[in-house]
Amino acid sequence: MPALSLHDIQKTFPKNIQALRGVCLEVRDGELLVLAGPSGCGKTTTLRVIAGLETPDSGEVHIADRRVDGLPPRDRDVAMIFQNQVLFPHMSVLRNLLFPSRPRQTAGEDLTDKAQSFARELEIGHLLDRKPEELSGGERQRVALARLLTRGAGCNLLDEPLAHLDPLLRWQALSLIKSWQRRFQATMVYVTHDQREALTIADRIGVMRDGQLHQVDSPQKIFGSPRNRFVMEFLSPTQTAFIPGRLEQAAGSWIFHDASKLSWPLPPEWKTALERYGKSEIVLGLRPSAVRYSLSEKPPTSTDQEKQSTAIPARVVGHEFTGEQMYMQWEAISDSRRWTTFANGETPSIGSTGFLHIDLDEAIPFAPGPLGMNLLSVHAR
Ligand code: ADP
Ligand code: MG
């Protein structure tokens with residue numbers, strides 16, 4: 001039995017804002033599920049519906065074996081960190097940490113000890129006597145987090161809990177949340193709009209857009225087999241190239257023709273999926289791992305005829321260094337289309353010219369449109 005489930009939740013705000021449009025979700029006992037998606041897609045509303053702070057127009061919310069929509073928040077065994085956390089202004093940080101936990105304290109449990117130790121791990125141990133107004137935004141956020149960890153509940157909801165923290169503290173706090181969640185086998189729904197945070201912490205990720213969940217899967221699965229173009233785009237660490245074109249069948253194999261008249265033979269493993277698709281318009285999604293480059297004035301003199309005919313002449317127009325990874329932005333000389341590759345070895349300077357080569361085994365074919373289905377995905381129909 002899932003620890004938490006949402007069945008077909010609809011929520012409309014005044015002025016006909018459809019915040020949630022048929023959200024269905026199951027969170028397993030002891031699972032850390034990340035809800036990810038762009039701003040305004042309905043993440044906070046989903047958490048508020050689970051917590052009972054928002055009443056859905058229709059649908060059901062179950063926590064453990066109870067139906068809880070209709071119950072007030074305090075009867076749901078839910079702990080939540082809000083996006084802009086409100087602390088009790090007249091209480092010290094320490095009292096703020098302890099307050100929600102007091103009624104639930106078990107015999108022999110030293111709450112102060114527990115709260116202090118979480119506070120130390122989040123580097124707010126020296127602030128326990130202060131009042132919330134004497135704290136920065138990031139410090140308040142850590143107080144809220146320490147409070148949730150001290151209290152814990154059957155179901156823990158965290159709404160962008162690290163948004164105001166600087167990078168070093170963010171990764172420290174992220175690993176504290178994860179180890180706490182593992183240690184207590186706590187069920188958690190963690191909201192973020194940050195794809196890296198999502199991939200790092202999640203047991204499973206649900207990607208939302210416009211009030212709907214588009215896919216719920218493990219980080220590896222959702223990254224490797226995104227159900228549609230939006231999911232691929234959202235979870236990519238950098239810009240993804242999407243190349244529209246046409247399919248053609250020649251001598252039993254499938255060929256992709258792009259708008260600039262280049263053609264690529266498609267991997268034979270795609271055959272069944274392309275036949276099932278039955279249309280000719282497709283879009284290839286290419287992450288940097290699917291695009292390689294060679295630096296030279298002339299097309300590669302490779303004996304490999306195939307590679308030679310599909311080399312795209314391009315110019316380096318930008319660099320993006322993430323600290324671990326150097327990406328290069330390229331512009332195709334014929335049509336100004338933008339491409340991203342990894343830099344291998346020495347990074348060519350801006351203005352350098354070369355040729356791009358596509359590794360189709362790393363590409364993903366989609367139906368056209370911003371929500372085009374992944375044609376290889378088992379879900380595609
Ligand atoms: P997210 O947390 O993913 O950024 P929200 O759940 O806060 O998104 O919002 C989803 C949509 O509902 C947005 O269009 C937002 O403007 C709207 N919305 C949220 N809360 C309210 C409210 N109380 N009244 C009216 N519209 C709201
Ligand atoms: Mg939000």
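Residues numbered from 1 in each chain as written. Chains lettered and ligands numbered in written order. Predicted model: local features only at pLDDT ≥ 70, side-chain atom pairs only at ≥ 80, totals over all residues. Heavy atoms only, no water.

Peer 1: I tried to follow the side chain of Thr 238 on my own but got confused; where do I start?
Peer 2: By the secondary structure assignment, Thr 238 is in the loop between helix 8 (229-235) and strand 11 (241-250). The exposure class assigned to Thr 238 is buried, which follows from its relative accessible area of 9%. Of the polar contacts made by the side chain of Thr 238, one reaches the side chain of Glu 320; its length is 3.1 Å. Setting aside residues up to four positions removed in sequence, Thr 238 forms contacts with Pro 288, Glu 320, Tyr 327, Gln 329 and Thr 340. (Helix = DSSP H or I, 4+ residues; strand = E, 2+ residues; numbered from the N terminus. Buried < 20%, exposed > 50% of the residue type's maximum accessible area, 1.4 Å probe, protein only. Polar contact = N/O pair within 3.5 Å; in protein donor to acceptor, adjacent residues only side chain to side chain. Contact = heavy atoms within 4.5 Å.)

Peer 1: Looking at this structure, I do not really get the site of ligand 1. What am I missing?
Peer 2: Taken together, Phe 13, Ile 17, Ala 19, Pro 38, Ser 39, Gly 40, Cys 41, Gly 42, Lys 43, Thr 44 and Thr 45 make up the full set of residues near ligand 1. One of the backbone nitrogen or oxygen atoms of Gly 42 is found 3.0 Å away from an oxygen atom of ligand 1. The contact in question runs from an oxygen atom of ligand 1 to an N or O atom on the side chain of Thr 44, over 2.8 Å. Protein coverage of the free-state accessible area of ligand 1, which is 560 Å², stands at 62%. Sorting elements by how many residues they give to the shell around ligand 1 places helix 1 (residues 43-51) first, with three residues. Counted by class, the shell around ligand 1 contains five nonpolar, five polar and one charged residues. (Near = heavy atom within 4 Å. Areas by Shrake-Rupley, 256 points an atom, 1.4 Å probe, with all protein chains shown as cover. Nonpolar A, V, L, I, M, F, W, Y, C, P; charged D, E, K, R; others polar.)

Peer 1: Is there a simple way to explain the nonpolar core in this structure?
Peer 2: A general trend in soluble globular proteins is that nonpolar side chains are found buried together. If you look at the biggest cluster of nonpolar residues, it comprises 48 residues, and the most contacted ones within it are Val 34, Leu 145 and Tyr 190. In this structure Tyr 190 touches Leu 32, Leu 33, Val 34, Leu 35, Leu 158, Pro 161, Leu 162, Leu 174, Ile 177, Glu 197 and Ile 201, once residues within four positions along its chain are discounted. Counting 31 residues, the second-largest nonpolar core is a separate cluster that includes Leu 262, Leu 266, Trp 270 and Ala 367. (Core = buried A, V, L, I, M, F, W, Y, C linked by side-chain atoms within 4.5 Å.)

Peer 1: What is the right way to read the domain arrangement of the protein chain from this model?
Peer 2: Interface size is commonly expressed as the accessible area that is lost once the parts come together. Its domain assignment divides the protein chain into domain 1 (4-235) and domain 2 (241-379). For domain 1 and domain 2, the distance between their C-alpha centres works out to 38 Å. Tallying the contact residues gives 13 residues for domain 1 and 16 residues for domain 2. Carbon and sulfur atoms make up 61% of the area that domain 1 and domain 2 hide from each other, which totals about 1400 Å². Summed over the three residues of domain 1 that lose the most area to domain 2, namely Arg 227, Arg 229 and Met 232, the buried surface amounts to 53% of that side. One can count one salt bridge joining domain 1 with domain 2. The partner of Glu 324 in a salt bridge is Arg 196, with the nearest N and O atoms 3.6 Å apart. Counting across the domain 1 and domain 2 interface gives five residue pairs in polar contact (both at pLDDT 80 or more). (Domains from an automatic or database assignment. Buried area = accessible area lost by both parts, 1.4 Å probe. Salt bridge = Lys/Arg side-chain N within 4 Å of Asp/Glu carboxyl O.)

Peer 1: Just to check I follow, could you spell out the sheet that holds strand 6 (residues 78-81) for this structure?
Peer 2: Strand pairing in a sheet is mediated by backbone hydrogen bonds. Such pairs are either parallel or antiparallel. One open sheet holds the six strands; their spatial order is 6-7-8-3-9-10, and the pairing between them is mixed. In this open sheet, the two strands that pair with only one neighbour each are strand 6 and strand 10 (212-217). Within this sheet the neighbouring strands show an average axis-to-axis angle of 15°, counted without direction. As paired strands, strand 3 (residues 32-36) and strand 8 (residues 187-192) are joined by five bridges and run parallel to one another. Its bridge partner lying in strand 8, Val 34 is registered against Tyr 190. Set on the sheet, helix 1 makes contact with strand 3, strand 6, strand 7 (155-159), strand 8 and strand 9 (204-209); between it and strand 7 the angle comes to about 150°. (Pairing = 2+ DSSP bridges. Axes fitted to C-alpha atoms, helices over the stretch in contact; angles between N-to-C directions.)

Peer 1: What is the right way to read the packing of aromatic side chains from this model?
Peer 2: The description of an aromatic ring pair uses the distance of the two centres, along with the angle that the planes make with each other. Applying the stated criterion to the full structure yields seven aromatic pairs. Note that Arg 209 overlies the ring of Phe 230, its terminal NZ or CZ placed 5.3 Å from the centroid. Taking NZ or CZ as reference, Arg 287 lies 3.8 Å from the ring centre of Phe 223, over its face. (Phe/Tyr/Trp six-rings, centres within 6.5 Å; stacked < 30°, edge-to-face > 60°. Lys NZ or Arg CZ within 6 Å of the ring centre and 35° of its normal.)

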